[in-house]
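Here are the chains, one letter per residue:
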Amino acid sequence: MGLKVSRQHFNNSQRVENMKKMMNVLCAMTLTMVVSAGCGTNNAATEAPAVTSGTKAAAPAAAPKKYELNLATAGDTNMTDLQEKNVVGEFQKQYPGSQVRVVNSGAGDGGTQKIFEKLKAQKDAGKTEWDIDLAIVHQSGMQQLIDNNLLDKWVPQSANKQYVVSPDSKNSLGTNVEGYVIPLFHSQVALAYNPDKVKKFPANFEELTAWIKANPNRFGYNGIKNGASGVAFATAYTYWKSGDYKTLSEGPFDAATEQKWPAIMKELKALPVTYTNGNNGTLDMLNRGEIDMGPVWVDMFNLWVDEGRMNPNYGLKVIDPGLPGQPMYVVIPKNAKNKEAALQYADLLTSPEIQAKVIVEKNSWYPGIDATVVLPKVSEAGKKKLFKDITADDLNKRGQSFPINTYFDHLKTAYEKN
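Because the structure is a prediction, the values reported are computed rather than measured.

## What about the environment of P295?
- Structurally, P295 can be placed in strand β9 (residues 293-297).
- For P295, a relative accessible area of 1% gives the class buried.
- Every residue in contact with P295, bar those within four places of it in the chain, is listed here: V189, A190, L191, F219, G220, Y221, S229, F233 and T282.

## A few points about the packing of aromatic side chains
- Enumeration over the complete set of coordinates arrives at 19 aromatic pairs.
- Taken together, a centroid distance of 4.5 Å and an interplanar angle of 45° make the contact between Y193 and F201 tilted.
- Grouping aromatic residues by their ring pairs yields a cluster made of F205, F219, Y221, F233, Y237, W240 and Y275.
- In this structure, K269 is placed above the aromatic ring of Y415, and the distance from its NZ or CZ to the ring centre is 4.8 Å.

## A look at the environment of A346
- By the element assignment, A346 lies in helix α11 (residues 339-349).
- Look past the residues within four positions of A346 in its chain and what remains in contact with it is L134, W154 and V330.

## Section: the pattern of salt bridges
- Tallied over the full model, the rule gives 24 salt bridges.
- One salt bridge connects E90 with K93, and the closest N-O pair in it is separated by 3.5 Å. Of the two residues, E90 and K93 are both situated in helix α2 (residues 77-94); the distance of three residues between them amounts to about one turn of the helix.
- The salt bridge partner of R218 is D292, with a shortest N-O separation of 2.9 Å. Here R218 is found in the loop between α5 (205-214) and β7 (220-221), whereas its partner D292 is found in the loop between α9 (279-287) and β9, with 74 residues between them in sequence.
- Note on R218: relative accessible area 25%, which makes it partly exposed.
- Via salt bridges that share partners, E90, K93 and K357 belong to a single interconnected network.

## Details of the nonpolar core
- Of all hydrophobic cores here, the largest spans 120 residues; its most connected members are L134, M142, F219 and Y345.
- Composition of this core by domain shows at least three residues from each of domain 1 (68-186 + 326-379) and domain 2 (187-325 + 402-417).
- Those residues within four positions of L134 in sequence are excluded, and the remaining contacts are L69, N70, L71, A72, V330, V331, I332, P333, A342, Y345 and A346.

## Structural notes on the side chain of T73
- For T73, the position within the fold is in strand β1 (residues 68-74).
- Judged by relative accessible area, which is 0%, T73 ranks as buried.
- Apart from residues no more than four positions distant in its own chain, T73 is found in contact with M79, T80, V102, V103, N104, S105, G106, I115 and I136.

## Points about the packing of α9 against helix α10 (residues 298-306)
- Put simply, α9 and α10 touch, their axes get as near as 11 Å, and they point 50° apart. By the angle between their axes, α9 is oblique relative to α10. For the pair α9 and α10, the sense of crossing is right-handed. Of α10, the residues touching α9 (which contributes N279, N280, L283 and D284) are M300, F301 and W304.
- Among the residues forming the contact of α9 with α10, the class breakdown is four nonpolar, two polar and one charged.

## Section: the pairing of strand β11 (residues 323-331)
- Extensive coverage of β11 is indicated by the burial of nine of its nine residues.
- Residues of β11 alternate between two faces, with L323, G325, P327, Y329 and V331 on one and P324, Q326, M328 and V330 on the opposite face, all of them buried.

## Quick notes on helix α3 (residues 108-124)
- Its 17 residues place the ends of α3 25 Å apart at the C-alpha level, agreeing with the 24 Å of an ideal helix rising 1.5 Å per residue.
- Downstream of α3 by one or two residues, G126 has phi in the positive range, about 80°.

## Description of the packing of α5 against helix α6 (residues 228-242)
- Between α5 and α6, the shortest axis-to-axis distance is 11 Å and the interhelical angle comes to 120°. By the angle between their axes, α5 is oblique relative to α6. Here F205, E206, L208 and T209 of α5 come into contact with α6, specifically with F233, A236, Y237 and W240.

## A closer look at α9
- When α9 is considered as a whole, its buried residues turn out to be N279, G281, T282, L283, M285 and L286.
- Tucked into the core, α9 has its buried residues touching β6 (182-193), β7, α6, β8 (274-275), β9 and α10.
- G289 sits one or two residues past α9 and shows a positive phi near 80°.

Reading the values: rules and limits
- Residues numbered from 1 in each chain as written.
- Predicted model: local features only at pLDDT ≥ 70, side-chain atom pairs only at ≥ 80, totals over all residues.
- Heavy atoms only, no water.
- Helix = DSSP H or I, 4+ residues; strand = E, 2+ residues; numbered from the N terminus.
- Buried < 20%, exposed > 50% of the residue type's maximum accessible area, 1.4 Å probe, protein only.
- Contact = heavy atoms within 4.5 Å.
- Phe/Tyr/Trp six-rings, centres within 6.5 Å; stacked < 30°, edge-to-face > 60°.
- Lys NZ or Arg CZ within 6 Å of the ring centre and 35° of its normal.
- Salt bridge = Lys/Arg side-chain N within 4 Å of Asp/Glu carboxyl O.
- Core = buried A, V, L, I, M, F, W, Y, C linked by side-chain atoms within 4.5 Å.
- Domains from an automatic or database assignment.
- Axes fitted to C-alpha atoms, helices over the stretch in contact; angles between N-to-C directions.
- Parallel < 35°, antiparallel > 145°, perpendicular 65-115°, else oblique.
- Left-handed = near helix turned anticlockwise from the far one by under 90°.
- Nonpolar A, V, L, I, M, F, W, Y, C, P; charged D, E, K, R; others polar.
- Expected span 1.5 Å × (residues − 1).

Written as structure tokens, this is what we have:
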């Protein structure tokens, strides 16, 4: 293969400690923050020297470059909107006349799988220039993308490399990703609910399953198809029932651990729930009153509220022992045809300014880069919205990781088989 990437199992206590540090920073900055803006101007006039006879005028500044870029993003429709409605225009302001083509490969881990398959096919065909220049992918795809030598180790060239500090920018589900990724954002799954129908919200999974049985078909999720919110719920249920969170999220892999799963999956799938058609489907059915509760991505819920598509009185909770969240990664394929364009666009996408304006303020995601350089650029209203329902303390105590890759793949298979 020419490139051998070592894998290491991430120390969960270190991950939790680092996440706590980040969330403590986030929480503190939502309560007290003094942001000083440099407003002073230099009053000393600077005059260009006059051009007189015999003096050669300075050459005009070079025009900005025009770039072409093909960007593939996994995820739901909000991931396409993120680029087309918020970032592409900013890039074209910096580089007038540039063309950015955004293609959505599909929701959930299947969208990332399609990006992998496209890149692998071009490599196997012997092509020296690949037609995906930049991609946004899930954690689940990182092992095979790196093992097949499909990614460029681009982060050392990034203008924002000093802000890449999160644990999952170094290790992703047991795979060493350092240098290959910058997290675009960190997201979290929570249970959304209608408070008029759910008078006493379940505090934990035991109470939740009792509520589901007492209220048939009023809880909805998408199984493990067409969106990772359903995958997160099935994973969290398995963590709770098995008691194996530490083993499944850290490794090492032991097939004996999976012997409990068939019974767990049968029990989960026997619950009287409504199956939705995806992340958006759960939100839509909740808003239309067809269900009263279901797992959703916090950012998507807040976006629907902002757009008037979700009742603003509905709430979000993360119950004990927890629910998973994840980053999505910015990656650059090894043989990207327009690699310079990809680097310029990636630098914009992961800049403190775009992270504040688009990632946090607009989309209610947690920053992908160092929060201490992002949150000072976020309005007080933006910070308040970010922590309205899911506090930093909630994330410290109940934010979970997805399993390491082998367990994760096997868990999804077990769900389908049982």
